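# Observations on chain architecture
Residue strings, one per chain:
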Amino acid sequence: MNVLPPECELLRIFIGESDRHQGKPLYEAIVAEAKKSGVAGATVLRGLMGFGAHSRMHTARILRLSEDLPIVIEIVDSAENIQALLPKFDEMIVEGLVTLEKVRVIAYRCQQNA
Amino acid sequence: MNVLPPECELLRIFIGESDRHQGKPLYEAIVAEAKKSGVAGATVLRGLMGFGAHSRMHTARILRLSEDLPIVIEIVDSAENIQALLPKFDEMIVEGLVTLEKVRVIAYRCQQNA
Amino acid sequence: MNVLPPECELLRIFIGESDRHQGKPLYEAIVAEAKKSGVAGATVLRGLMGFGAHSRMHTARILRLSEDLPIVIEIVDSAENIQALLPKFDEMIVEGLVTLEKVRVIAYRCQQNA
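Read on for an overview of the structure. Each chain carries its own residue numbering, running from 1 in the written order of its sequence. Chain labels run from A onward and ligand labels from 1 onward, assigned in the order the entries are written. The predicted origin of the model limits local features to residues at a pLDDT of at least 70 and limits the giving and counting of side-chain atom pairs to 80 or more, whereas totals for whole chains, interfaces and linings rest on all residues.

### Examining the overall build of chain A
Formally: Secondary structure elements follow DSSP: runs of H or I no shorter than four residues count as helices, runs of E no shorter than two count as strands, and numbering proceeds from the N terminus. Neighbour counting defines burial: a residue surrounded by 20 or more other C-beta atoms within 10 Å of its own C-beta is buried, one with 12 or fewer is exposed, and intermediate counts give partly exposed, using backbone-placed C-beta atoms. Residue pairs qualify as contacts under a 7 Å threshold applied to their C-beta atoms, which are placed from the backbone.
Regarding its fold elements, chain A presents two helices and seven strands. The order of α-helices and β-strands along chain A, N terminus first, is β-β-β-α-β-β-β-α-β. Here chain A, with 114 residues, has 49% of them falling under the buried criterion. Restricting the contact set of chain A to residue pairs at least 6 apart, pairs at least 24 apart contribute 77%.

Quick look at the structure:
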């Protein structure tokens, strides 16, 4: 079982839902890679609308109809573990935004981590 | 009406959608507790997929089909008000991740707060 | 094409899904304004439930049935570009919470930005 130190980092990856990596959704590939590398966890959020590197928005069209909805992937772990992941993600992400923030871990409880 | 100072904290709680507290969804119990304690607000986001303390992911199964989707609860308030909440949440959360980040409040407007 | 410096800010706007601006959803108006101003991107997330300045919650009613679900809009850009946006958003947001956080940009890739 993974134990998180009090000072961690929050990695956030903004990509598009339609982005692909080796034939599967890029967000699934990123989560699988995160899992394989042993990070404590990953969460994928899907946005309602958006624009940017992660999701093209045509001004003449209703944003809601976009088939490329924004995806935000969040990973919290130690600075070392996050740094170890970055080169892998760097190869996978063709378009998108990757940010880091400092977070304090108040509690991390995990009974059985598959 | 609650007034937020410029320097606040963002509390983020990562749990699973299927987590329960006294027979109801844990995320509902946490939001009700936050409301009762008088914090300025709480927002619950549901993830599309994920793994970690908050949500078990079996590598042999399609992640999307998980019945334990990740939930992120966000609460912004003063450091004092957040600290006052932590012991209550500590009792309620059996598995999950709780993080704190510093945020600056640029605007907080509330006409009628139920 | 927009280039992001390594030190950026994450602007987060918490409003309600039913908030309006000049007849259209406020979150759409905010994203359109962000796009017009040339910021690198914006992402809109919809919450499952919540309460606060952005979304009224009546304790006597099931939270899930709320017709005013919380919306979180996230914009990452340089401090200068974010500051330039704030007065515009200030006029548009009648009820809500606006926060700023420092973020480090690790990667920003954009092939064709419409």
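What follows continues from the structure just given.
### Let's talk about the interface of chain B and chain A
The line we're drawing: Put simply, Ala, Val, Leu, Ile, Met, Phe, Trp, Tyr, Cys and Pro go in the nonpolar bin, Asp, Glu, Lys and Arg in the charged bin, and everything else, Gly too, in the polar bin. Here, any two strands with at least 2 DSSP bridges between them count as paired.
Contact with chain B, which involves 28 residues of that partner, is made by 24 residues of chain A. Looking at the side of chain B that touches chain A, the elements with two or more residues in it are strand 5 (49–51), strand 6 (70–77), helix 2 (79–92) and strand 7 (96–109) of chain B. Looking at the side of chain B that touches chain A residue by residue, the classes come out as 16 nonpolar, eight polar and four charged. In this sheet, strand 7 of chain B lies alongside strand 7 (residues 96–109) of chain A in antiparallel orientation, the contact comprising five bridges. Within strand 7 of chain B, the position partnered with Val105 of chain A by the bridge is Thr99 of chain B.

### Overview of the interface of chain A and chain C
Contact with chain A, which involves 28 residues of that partner, is made by 24 residues of chain C. Mapped by element, the contributors of at least two residues to the side of chain A that touches chain C are strand 5 (49–51), strand 6 (70–77), helix 2 (79–92) and strand 7 of chain A. With six residues, strand 7 of chain A is the single largest residue contributor to the side of chain A that touches chain C. The class makeup of the residues in the side of chain A that touches chain C is 16 nonpolar, eight polar and four charged.

### Let's talk about the relation of the copies chain A and chain C
Put simply, the rule reads: Copies are brought into register by a least-squares superposition over C-alpha atoms of residues with pLDDT of at least 70 in both.
When chain A is fitted to chain C, the residual RMSD is 0.0 Å, and the transformation amounts to a turn of 120 degrees plus an axial shift of 0.0 Å. Here the copies are linked by what is in effect a three-fold axis.

### A closer look at the relation of the copies chain B and chain A
Put simply, the second copy of the chain is the first one after a rotation about an axis and a shift along it. By a simple turn and slide, chain B fits onto chain A: the slide is 0.0 Å along the axis, the RMSD is 0.0 Å, and the turn is 120 degrees. Interface overlap between copies is the fraction of interface residues in one copy that are interface residues in the other; for chain B against chain A it is only 7%, indicating separate surfaces.

### What to know about unusual backbone geometry
Even without being glycine, Gln22 of chain A reaches a positive phi, approximately 50 degrees. For Gln22 of chain A, the location among the structural elements is in the loop between strand 2 (20–21) and strand 3 (24–25).

### Things to note about the nonpolar core
Stated formally: A set of buried residues drawn from Ala, Val, Leu, Ile, Met, Phe, Trp, Tyr and Cys, joined through C-beta atoms within 7 Å, is what defines a nonpolar core.
Of all hydrophobic cores here, the largest spans 99 residues; its most connected members are Ile73 of chain A, Ile73 of chain B together with Ile73 of chain C. In this view, Ile73 of chain A contacts Ile13, Tyr27, Ile30, Val31, Ala42 and Val44 of chain A; residues no more than four positions away in its chain are not counted.

### Considerations on the environment of Asp19 of chain A
Residue and element names in this part refer to chain A. You can see Asp19 is positioned in the loop between strand 1 (7–16) and strand 2. Put simply, Asp19 and Asp68 are 49 residues apart on the chain and 8.0 Å apart in space, counted from C-alpha to C-alpha. With residues near it in sequence (within four places) discarded, Asp19 still touches Leu26 and Glu95.

### A closer look at helix 2 of chain A
Residue and element names in this part refer to chain A. The following threshold applies: Given a helix with a known number of residues, its expected span is that number minus one, times 1.5 Å. Here the bend at a residue is taken as the angle between two axes, fitted respectively to the seven residues that end there and the seven that start there.
Helix length check: helix 2, at 14 residues, gives a terminal C-alpha distance of 20 Å against a target of 20 Å (1.5 Å per residue), a fit within 8%. The largest bend along helix 2 reaches roughly 30 degrees and is located at Leu86, with the proline Pro87 sitting one to four residues downstream. Buried residues along helix 2 sit in contact with strand 1, helix 1 (26–37), strand 6 and strand 7.

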